[in-house]
Each structure stands twice: as structure tokens, then as C-alpha cells.
Amino acid sequence: MTTVTNSTSSSKAKIVIPAADSKSNSTSTRKETSDKTKPEFIVRTNYPESNAPLGVSVSKFNRNHIVSSQHRLLIKGGHVVNDDGTSLADVFIEEGIIKQVGLNLIIPGGTKTIDATGKLVMPGGIDTHTHLELHFMGTRTADDFYTGTKAAIAGGTTTILDFVIPKKEQSLIEAFNQWRERADTKVCCDYGLHVAITSWNEQVGKDMEILTKEKGVNSFKVFMAYPGTFMLADDEIYQVFKKCRELGAIAMVHAENGSVIKELEKEMSTLGVTGPEGHLLSRPEKATEATNRAITIAEQTRCPLYVVHVMSKTAADKIQEARLKGQIVFGEPIAASLGTDGSQYFHKCWQHAAAHVMSPPLRDDATTAPYLMDLLANGSLSTTGTDHCTFNVNQKALGKDDFRKIPNGVNGIEDRLAVIWTKGVETGKLDMNQFVAVTSTNAARIFNLYPKKGRIAVGSDADCLIWDPQATKMISASSHHQACDFNIFEGLHCRGLPIVTIVAGKVVYENEQLNVSQGSGKYLETICFTDYVYQKLNKREQIQEQSFKQRRIEREPYTGDVISTNHPVTNGDAKTSPKNQPIPEIPAAGFHNRPATRAGGRNLFDSSFTLSGEQWDDGNLRKTTRVQQPPGGQSKGLW
């Protein structure tokens, strides 16, 4: 068996199909000529036992298996990079699953070999936040599930998590089925679905239960922005979070103060600010107080919270503060907030400025991106997505005279990994293991895909990539694979690129060429009560319940008098009405000819004089306490 060794620092990995020895070669030749229906190889393969632990290489043949060489792959000579360590190891893949990891592996003949000498072997990226084939703001995104996942693969991402966003009052089940129909026949890689809650009632809660138990959904998103379409009130958000906690799901939030933003947009319009800069000016960073509000509601409902597209220092600080206090909160900056900034909104070219319009907006503070990267490095922020929601220039032009009508959304699904490596690893803020964590492993853990996704280990899915830390390129809309005609990272020089992408054990991107199959990806069911999120929450809830029981006070029941509420005060002044006292009934004496006051007392304009000297209230006991200090002072005494 021969292999090709890459002795130079070329960015292209070498792929060869080694020849079997002469005996096996002649045997297979005779079989091909005699019987075309026979398998290409009949070999004893080194499968691990079914109970072999993940990450442990099994190098002993243990059972016979018949398999085509087209489904076998050996990545040789690379450094395997996981979130918790790096090691020099070969990776053997068969039938879309990683079967062995280690050195001096015994593999079957005819296996295709990729020489990864001097390169890094990583788990494929997981984009936690995409909007493909979304109908929004009067149009539809440029990227559908085919072009979007194809571009993702070219950038080293092998799994996406898209959002089902129902229309107001639309059934969650109906919307979920629509997304499945759009995606299943087009995706080129595996995908999962979050579901947005755009209204709240009893039926929505029932639909959430069906989605979690029957459809494989473990995350639900609420909007605190877009009033009238997606936005929920705080009490509705409380109910959604409470339901998420009951079902073992993860609550997600778009955190902006939609009501304040709507008023500020009107103010910008009144002032004549109609260009893309108005989008930023109407969304000041303080409007992200909604982040703190969402965190507070999540704390009260004891629900884990995932804050999508963290765009500002203020929002990031609130997440960090909550995590330092022990709350289960995850923050997701995106490629845009890590790779560019909001100064683009003030560009002289309307087309350029409008291309960057998204919500929440990019911040015009140039120090925001490195600040967010620092928080990724120290663990305060957890994952990275893209909020990939692309529109072409002629679609953005719907808002050419009013920034409020510019479709919100930017690209990033293809550029995310290269941008984060360049801005994070190349600047010394992240190491390569942290890079794997924030682009893949943490997302797999949070959404219960780990260790099938997010790890190079025995038993994991063979979704991986070969990364060349020395490869370079300049990002350009003229060469990217995304369907949009503008790229917000235009002109950015990146160092560190994926040179081979493998999906389900098949090489689908190599030598800058794609070889994908439309509809080859599969839907991933994400199970609730993921240990990474809920193990701590469940324990804390047990402790809290015990604490409440211990603090409960046993008391003798109250047996005293309780006031009557049969005569409520009506139309009275609460400040002057007698408190906690029943209103006396006025006897119907003949000389009372005026109605009682609104407070229920005797009308003072009605005389109570009689010749007998009787008063109408003679039957009531009167206080006999002598007033020692009357108002105005005593009328006698020494002065």
C-alpha cells in the first residue's frame, strides 16, 4: 500500500486510493470479471465493539464485514484537534462513522487515503443560527436550503440549526412541517430546527409539547422586538420560559426593546433621517436592556436561556454577570459582530450601508468585536453563529427611501470559521482548542448533539474538516458560494482555511471544488433535558425545594374577627374613607330628608335637631377619652 506524502507546505491535502497487494488485487480482478454483483472487497475489518467508549481506538479485527471501498476513508498524518486537546493521530472512517483514531492503525485494503501531514483535523463547524428560505419583510432570502448548506460546506460548516418562524397565530406544527418540506429535499448537510414562538395561548403550549416529544425540537425562541409581528409581552415570555422548563427545552431570545425602538424610529423619520444610519441611531445600545429583562425572567422561571446574536458590550456584560452568579445563560456572538462593525452604516454608498442592516445592529464602536472575542476566550460567551439571512441589493432597495423597510439580514454561513480563526486565533485571543469549542463542540453540547457532532472520536459522525492554518484568501462576493450579491466581509484577508470538508464520510469539498448532493443531509432530532444544561438545573431545583420547605413556618390558624365586605365603598375617596371599618347604617328618621354622602355618612346639610334633644346616633358608643392637647393648644393655663 502506498501513500503520497506532502513534503511542502502546500494548502492542498493529497488524496490517493492505495493499491492492494498483488494477491488481493488479482483476486478482486477475477471477481469483477466473473460476477459484477459481488462486492469490491471482502475483508476482515477492525470495527470497535458496540460498547467501546467514544475516543478509544479499537485496533483489533473482531468480525467480518463486507463493504465497498467508496465508503472507507483514512485521514493520515494530521493533528487531531478537539476542544479538550490536540494529538497526532490518523482517523479511519467507514460508512459515515469514525471507526478508529490513533497511530499504526490496521485498516482494510483499498481504503482511500488523505494525506493531512502538517494540517489540522477538526470536527465540522456547527452554525447555531441561520435563516434559509425565510419569507421576511415582503420578500424571501436569497439563499435557500441548497445554496445555503452548499456555501456552509465550502466554509467548513457541516451542521446548521435553522429557525422555524410561524406567522402570527399560525400553528407551530404547521410551520414546522413547512420548514421540513423546504429543507429535506435540498440540504447538503445535516440540520436541526429551533422553533420561534410568535404568540401565546394554551394551544401553543400543547404544540410545544408535541414538538419536543414527537418532532425532535429542544429549543424555542421568543422575540422582544418586531412589535405587531413576532414580539411577545413580558408576561407571555414568562409563560413560554415556564413551559420550556417544564419540557426540558432551552429558551432562546432576541433581546431588544421593541416598543422603545418603534418610537425612536418615528423620531428618526421626523428628523428626516431615512438612510441606513437611521437603523443604528434608532437602536441605541441601551435598548439592549432587554437582555437583562430576559435573564431576569429566565431566573424566575428557573429556565436555561440562550441569547442569540450578541452584538454589543452591554448585552455581553449582562450575560457575563449572570454566568458569574451561576445562572445557566449562554451567549452567541455571530461572525458579523466579530468581524466588522457599525461604522459601515455611515458609508457614502447607500448600497454598501444597506447591506449591513440587521437587528440588533452592528455597533459603531470599533472595540466591540475584540471585546466579544475576549469573552469567547474566557468562557463568558459560549458559541458562534451567523444569523445568515441574505438579501440581494434589489431586495434591500425596498427601503431605499425609508430605513425601516430595508430587509434585515447579512451573510456569514460560508465565512464564519475563517473570520473567527483570523480575528481570534491569529490575534492570540483563542487557541485552536478554543476555536473548536466555540465553532462546534459547545453548540453540540448545548443542543444535545454531542458526541455524534462536535468531536473527532470513535463512534462520532464523520463530519470533519482538514484545516490549513497557513492557507490564505481574500473574501469577495465575486468568489463566494452564497447566493447573495454582496459580502459584508468584502476585502478581508483571512489566514487559516478549510481545505477539505467531509460530510457523512464523503469528501464534499476539496481543491476549492464542491461535490455535494442536493437532499443528502438529514434532519437531526434534538432531545430535551440535555445533561450539559439540565444536570445542574435539576440539582439546584432539588436544593431550592428543600430550602423552601425548611423555611416554611408552622403557625396556629387565625381565629379572630374578619371584617365584612358586604358594604364596599363606592365612588369614595380612598384617602378619606374609613379603613377597615364597616360603614354605619343611618336610621330612617322622619326628619332626614337628604341622601347620605357618597362615602356613606350623614349629609351635614341635613339637620338632626329635635325638640326632645335626641340625636340619630345616640345608640352608638362614644369615646370618652379626654383630649389633653386639643388643636390650637389649651384654653387655660399659665402663659
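A quick note: this is a predicted structure, and the numbers were derived from the prediction, not measured.

Participant: Before we move on, can you summarise the overall build of the protein with the specific residues and values?
Facilitator: Looking only at helices and strands, the protein features 16 helices and 23 strands. Burial statistics for the protein: of 639 residues in total, 51% are counted as buried. At a minimum sequence separation of 6, the contacts of the protein that also span at least 24 residues come to 75%. Of the roughly 31000 Å² that the protein leaves accessible, carbon and sulfur atoms contribute 50%.

Participant: Outline empty space enclosed by the protein, listing residues and values.
Facilitator: Per the counting criterion, the structure on display carries 4 cavities of 30 Å³ or more. Around the largest cavity sit 17 residues that line it, and His131, Phe136, Tyr226, Ser359 and Asp387 are the ones nearest its centre. Taken together, the residues of the lining of the largest cavity break down into 8 nonpolar, 7 polar and 2 charged.

Participant: Help me get a handle on the UniProt feature "modified residue: N6-carboxylysine" (unreviewed entry) in the protein, residues and values and all.
Facilitator: Under the UniProt annotation, the feature "modified residue: N6-carboxylysine" (unreviewed entry) is placed at Lys221. Looking at the element boundaries, lysine 221 is found in strand E16 (residues 219-223). Among the residues examined, lysine 221 registers a relative accessible area of 1% and is labelled buried. With near-sequence residues (within four places) excluded, lysine 221 lies in contact with His129, His131, Phe163, Val195, Ala196, Ile197, Met252, His254 and Val308.

Participant: Let's hear about the sheet that holds strand E23 (residues 513-514): which residues, and what values?
Facilitator: Strand order in the open sheet formed by 7 strands is E6-E5-E10-E20-E21-E22-E23, with mixed pairing between adjacent strands. With partners counted over all chains shown, the strands left at the sheet margins are strand E6 (85-88) and E23, one partner each. In this structure, strand E20 (residues 464-474) lies alongside strand E21 (residues 493-503), joined through 8 bridges in antiparallel fashion. Bridging from a neighbouring strand, methionine 474 pairs with histidine 493 of E21.

Participant: Any chance you could break down the packing of helix H14 (residues 416-425) against helix H15 (residues 432-446) for me, citing the residues and the numbers?
Facilitator: Contact geometry of H14 with H15 gives a least axis separation of 11 Å together with a crossing angle of 140 degrees. Classified by the interaxial angle, the pair formed by H14 and H15 is oblique. Crossing of H14 against H15: the hand is right-handed. Contact residues: Arg416, Leu417, Ile420, Trp421 and Val425 in H14; Met432, Phe435, Val438 and Thr439 in H15. Here the contact of H14 with H15 is composed, by residue class, of 7 nonpolar, 1 polar and 1 charged.

Participant: Give a detailed account of the packing of aromatic side chains, specifying residues and quantitative values.
Facilitator: One pass over the structure, following the stated rule, counts 14 aromatic pairs. Here the aromatic rings of phenylalanine 223 and tyrosine 226 are separated by 6.0 Å at their centres, their planes lie at 65 degrees, and the arrangement is edge-to-face. Exposure remark for phenylalanine 223: the relative accessible area of 3% places this residue in the buried category. Relative accessible area serves as the criterion here: at 18%, tyrosine 226 is assigned to the buried category. Taking the centre distance of 5.3 Å and the plane angle of 45 degrees together, the rings of tryptophan 421 and tryptophan 467 count as tilted. With tryptophan 421 in helix H14 and tryptophan 467 in strand E20, this pair connects stretches of sequence that are 46 residues apart. Here the two residues tryptophan 421 and tryptophan 467 agree in accessibility, since each one is buried. Ring-pair connections join several aromatic residues into one group, and the members of that group are Phe136, Phe223, Tyr226 and Phe230. The side chain of lysine 221 reaches across the aromatic face of phenylalanine 163, ending 4.5 Å from its centre.

Participant: Please set out H14 residue by residue, giving values where relevant.
Facilitator: H14 sits mainly inside the fold: 9 of its 10 residues count as buried. Listing the buried residues of H14 in full gives Arg416, Leu417, Ala418, Val419, Ile420, Trp421, Thr422, Gly424 and Val425.

Participant: An account of the nonpolar core is needed here, citing residue identities and associated values.
Facilitator: If you look at the biggest cluster of nonpolar residues, it comprises 98 residues, and the most contacted ones within it are Met122, Ile197, Met208, Phe220, Phe241, Leu305 and Phe435. In contact with leucine 305, other than residues within four places in its own chain, are Phe241, Ala251, Val253, Ala294, Ile295, Ala298, Ile328, Val329 and Phe330. Ala471, Phe486, Phe489 and Leu492 belong to the second-largest nonpolar core, a separate cluster that totals 26 residues.

Participant: Quick one: what's the story with the pattern of salt bridges, residue by residue and with numbers?
Facilitator: Throughout the structure, instances matching the rule amount to 30 salt bridges. Between arginine 455 and aspartate 83 there is a salt bridge whose closest N-O contact spans 3.5 Å. Remark: aspartate 83 occurs in the loop between strand E5 (79-82) and E6 and arginine 455 occurs in the loop between H15 and E20; sequence separation between them is 372 residues. The salt bridge partner of lysine 400 is aspartate 401, with a shortest N-O separation of 2.8 Å. By the burial criterion, lysine 400 is exposed, and aspartate 401 matches it. Ionic contacts of the salt-bridge type, sharing partners, join the residues Asp190, Lys452, Lys453, Asp461, Asp463 and Lys522 into one network.

Participant: Give me the pairing of E16: which residues, what numbers.
Facilitator: Among the 5 residues in E16, 5 count as buried, and that is most of the element. Of the two faces of E16, the one carrying Ser219, Lys221 and Phe223 and the one carrying Phe220 and Val222 are both buried. Here 3 bridges tie strand E15 (residues 190-197) to E16, and the two strands are oriented parallel to one another. Opposite valine 195, over in E16, you have phenylalanine 220 as the bridge partner. Taking the sense of rotation as the criterion, the β-α-β connection linking E15, helix H4 (residues 202-214) and E16 turns out right-handed. Strand direction decides the pairing type here: E16 and strand E17 (residues 250-254), joined by 5 bridges, are parallel. Residue pairing for E17: phenylalanine 220 is matched across the bridge by alanine 251. In this region the chain leaves E16, passes through helix H5 (residues 234-247) and returns to the parallel neighbour E17; the handedness of that crossover is right-handed.

Rules used in this analysis
Residues numbered from 1 in each chain as written. Predicted model: local features only at pLDDT ≥ 70, side-chain atom pairs only at ≥ 80, totals over all residues. Heavy atoms only, no water. Helix = DSSP H or I, 4+ residues; strand = E, 2+ residues; numbered from the N terminus. Buried < 20%, exposed > 50% of the residue type's maximum accessible area, 1.4 Å probe, protein only. Contact = heavy atoms within 4.5 Å. Areas by Shrake-Rupley, 256 points an atom, 1.4 Å probe, with all protein chains shown as cover. 1 Å grid on protein atoms, 1.4 Å probe; cavity = no way out; pocket = protein on both sides within 12 Å on 5 of 7 lines; lining within 4 Å. Points joined across faces, edges and corners; volume = space filled by probe spheres on them. Nonpolar A, V, L, I, M, F, W, Y, C, P; charged D, E, K, R; others polar. UniProt positions renumbered as here; feature names shortened; annotations may be inferred. Pairing = 2+ DSSP bridges. Axes fitted to C-alpha atoms, helices over the stretch in contact; angles between N-to-C directions. Parallel < 35°, antiparallel > 145°, perpendicular 65-115°, else oblique. Left-handed = near helix turned anticlockwise from the far one by under 90°. Phe/Tyr/Trp six-rings, centres within 6.5 Å; stacked < 30°, edge-to-face > 60°. Lys NZ or Arg CZ within 6 Å of the ring centre and 35° of its normal. Core = buried A, V, L, I, M, F, W, Y, C linked by side-chain atoms within 4.5 Å. Salt bridge = Lys/Arg side-chain N within 4 Å of Asp/Glu carboxyl O. Right-handed = clockwise from strand over helix to strand, strands pointing away.

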